[in-house]
Amino acid sequence: KSHEREMSGMTVEQIRSLIVEQITDMSPQVRRAAQYVLDNPNGVAVNSIRSLATAAGVKPNTLVRMVQSLGFSSFEEFRQPFRENVSNGIKSFPDQARWLQSLAKTKSHGLLFSQMAAATLSNIEQLFSGTNADELRVVAKHIIKSRRTSILGLGTCYALAHGFWYVAQMALDNLELVSNHGTLPIDEVVKLGKGDVLMAISFDPYRKEIIQAVQLASKLGVTVVSITDSRASPLALAADYVFVAPTQTPQFFPSAVASAELLETLIAFIIAESDQSVIERINEFHRRRLESGVYHTMDN
C-alpha cells in the first residue's frame, strides 16, 4: 500500500524521468510505447488507451505492460497525473481550426500550405508546453559560467548550431562552434572537462559522431545539454539536460522551426542572467560593425 501511495503521488516529470531510467531495459514494443508517452504527455491525458496504442503503433496490452513495469497498478493510476496537468492549465493556442481550414481552400497548393502551417504551430505549442523554463534558466547559467561551451551540430543541424553561436558570441566570449567539416567532433570533445559545457543538436536519424561525442563528454564530466526530438533519443540518455524540440512536418525532412525557437529563447535567458558587462559587449560589437560599414541602414 505504501508503494501504491508513492506511485500515485508522482508528478508527470517524475514519471517521465522514471521511464528514461528504465527505457533501455524494456522490450522493443514496450520501448516504443514508452517513447510515445515521453513525447506526447498531453495525449496520455485526453486519449483512450486504445487510441494511444494505435498512435504509438502498439497493442493496448503493451501499454498496460509498460505501466506495470514502472510500478503502477493500473493504466488509470498512471494516467491521473497527466490529466491533472491538463486540468491545471496546459492550454492550446487560440482556436486555429477555422483559420487552418480556410487556408486549405485556397486554389494553389492550399492543402500543403495548411498542413505546413498546422505542423509549425503544433511544434511551437508542444515546445513551449513541454519545456521547463527553470531548467532552461539553469542551462543558461551553466553556459555563462563555463570555462568553455562547445556547440555541436552536423548536417542541417549545423545551421542551428552556427546561428546560436553567431548571436550568443556577441554576448559571451567562451563559446566555440565545432566545425561541420575537417575535425571530428570527438577530437574537439577530448579538449573539454569539468567546468565545460557541450551543447549537442541532432534529430532522428541521429548522427553517430554526435552520439559518440555526447557519450564521451559525459564520461569526462562535461555538462551535456542535448537538443533532440525525443527523451528516448540516444543524445538524451547521456545528457544532463534534455530539451525536446518537435520536428513534425508534411515535408520530407524534419522541421527545424521549434529548435530554432528554443535556441532563440535560450539566448534570451543567457542575456537575462548575465551582468551589465554583457550589454556593454553587445553594444560595442554593433558599434564597431556600424563604424566599419558592414550594415546598410535607412540613413545611408
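Anything mentioned here points back to the structure above.
Residues numbered from 1 in each chain as written. Predicted model: local features only at pLDDT ≥ 70, side-chain atom pairs only at ≥ 80, totals over all residues. Heavy atoms only, no water.

1. A word on the overall build of the protein chain
Then step 1. Per the secondary structure count, the protein chain includes 16 helices and five strands.
Then step 2. Counting every position in the protein chain, which comprises 300 residues, the buried fraction comes to 41%.
Then step 3. Taking the contacts inside the protein chain whose residues are at least 6 apart along the sequence as the reference set, 67% of them involve residues at least 24 apart.
Then step 4. Of the roughly 16,300 Å² that the protein chain leaves accessible, carbon and sulfur atoms contribute 53%. (Helix = DSSP H or I, 4+ residues; strand = E, 2+ residues; numbered from the N terminus. Buried < 20%, exposed > 50% of the residue type's maximum accessible area, 1.4 Å probe, protein only. Contact = heavy atoms within 4.5 Å. Areas by Shrake-Rupley, 256 points an atom, 1.4 Å probe, with all protein chains shown as cover.)

2. Some details on the pairing of strand β4 (residues 223–228)
Then step 1. For β4, a buried count of six out of six residues is recorded, marking the element as mostly surrounded by other parts of the structure.
Then step 2. Of the two faces of β4, the one holding Thr223, Val225 and Ile227 and the one holding Val224, Ser226 and Thr228 are both buried throughout.
Then step 3. Viewed along the sheet, the connection from strand β3 (residues 197–201) through helix α13 (residues 208–219) into β4 turns out right-handed. (Right-handed = clockwise from strand over helix to strand, strands pointing away.)

3. Regarding the pattern of salt bridges
Then step 1. Enumeration over the complete set of coordinates arrives at seven salt bridges.
Then step 2. Ionic pairing is found between Lys191 and Glu188, a salt bridge with its closest N-O pair at 3.3 Å. (Salt bridge = Lys/Arg side-chain N within 4 Å of Asp/Glu carboxyl O.)

4. Overview of the nonpolar core
Then step 1. One finds Ile143, Phe164, Met199, Ile201, Ile227, Phe243 and Leu266 to be the most contacted residues of the largest nonpolar core, which totals 32 residues.
Then step 2. With six residues, helix α15 (residues 257–273) is the single largest residue contributor to this core.
Then step 3. Setting aside residues up to four positions removed in sequence, Phe164 forms contacts with Ile143, Ile151, Met199, Leu263, Leu266, Ile267 and Ile270.
Then step 4. By size, the runner-up hydrophobic cluster in this structure holds 28 residues, among which are Ile15, Leu52, Ala53 and Leu70. (Core = buried A, V, L, I, M, F, W, Y, C linked by side-chain atoms within 4.5 Å.)

5. Focus on a nonpolar patch on the surface
Then step 1. Together, Leu290, Val294 and Tyr295 give the surface a local cluster of nonpolar side chains, amounting to about 260 Å² of exposed area.
Then step 2. Relative to the helices and strands, Leu290 resides in helix α16 (residues 276–292). (Patch = residues over 30% accessible without salt bridge, like charges linked within 9 Å, V, L, I, M, F, W, Y side chains within 5 Å.)

6. Some details on the packing of helix α2 (residues 12–22) against helix α3 (residues 28–39)
Pairs of packed helices are described in terms of their axes, by the angle between the two and the distance that separates them.
Then step 1. Interaxial distance between α2 and α3 falls to 10 Å at its minimum, and their mutual angle equals 145 degrees. Note that α2 runs across α3; the crossing there is left-handed. In this structure, α2 uses Arg16, Ile19 and Val20 to contact α3, whose residues at the interface are Ala34, Val37 and Leu38. (Axes fitted to C-alpha atoms, helices over the stretch in contact; angles between N-to-C directions. Left-handed = near helix turned anticlockwise from the far one by under 90°.)

7. Details of the environment of Val225
Then step 1. You can see Val225 is positioned in strand β4.
Then step 2. Taking the C-alpha atoms as reference, Val225 lies 7.7 Å from Val139; in sequence the two are 86 residues apart.
Then step 3. Not counting residues within four places of it along the chain, the set of residues in contact with Val225 comprises Val139, Val197, Leu198, Met199, Ala200, Tyr241 and Phe243.

8. Considerations on the sheet that holds β4
The strands making up a sheet associate through backbone hydrogen bonding, with each pair oriented either parallel or antiparallel.
Then step 1. Within the open sheet, the five strands sit side by side as β2-β1-β3-β4-β5. Their pairing is parallel. If you trace the sheet from one side to the other, it starts and ends with β2 (175–177) and β5 (241–244), each paired once. Shown here is a sheet whose adjacent strand axes are inclined to one another by a mean of 15 degrees, direction ignored.
Then step 2. The pairing of β3 with β4 spans five bridges and is classified as parallel. (Pairing = 2+ DSSP bridges.)

9. A short note on the pairing of β3
Then step 1. Most of β3 is tucked away: five of the five residues are buried.
Then step 2. Side chains of β3 alternate between two faces, with Val197, Met199 and Ile201 and Leu198 and Ala200 buried alike.
Then step 3. By the bridge criterion, five bridges tie strand β1 (residues 149–153) to β3 in an arrangement that is parallel. Bridge pairing in β3 links Ser150 to Leu198.

10. Some remarks on α13
Given 3.6 residues per turn, any residue in an α-helix points the same way as the ones three and four places further on.
Then step 1. The end-to-end C-alpha distance of α13, which contains 12 residues, comes to 17 Å, matching closely the 16 Å that a straight helix rising 1.5 Å per residue would cover.
Then step 2. Turning to α13, its buried residues number three or more, namely Ile210, Ile211, Ala213, Val214 and Ala217. Down the axis, α13 shows its buried residues gathered within 165 degrees of arc, on one side only. Exposed positions of α13 whose direction lies more than 90 degrees from the buried face are Lys208 and Lys219.
Then step 3. Contacts from the buried residues of α13 go to β1, α12 (185–189), β3, β4 and α14 (234–237). (Expected span 1.5 Å × (residues − 1). Arc of directions from axis to C-beta.)

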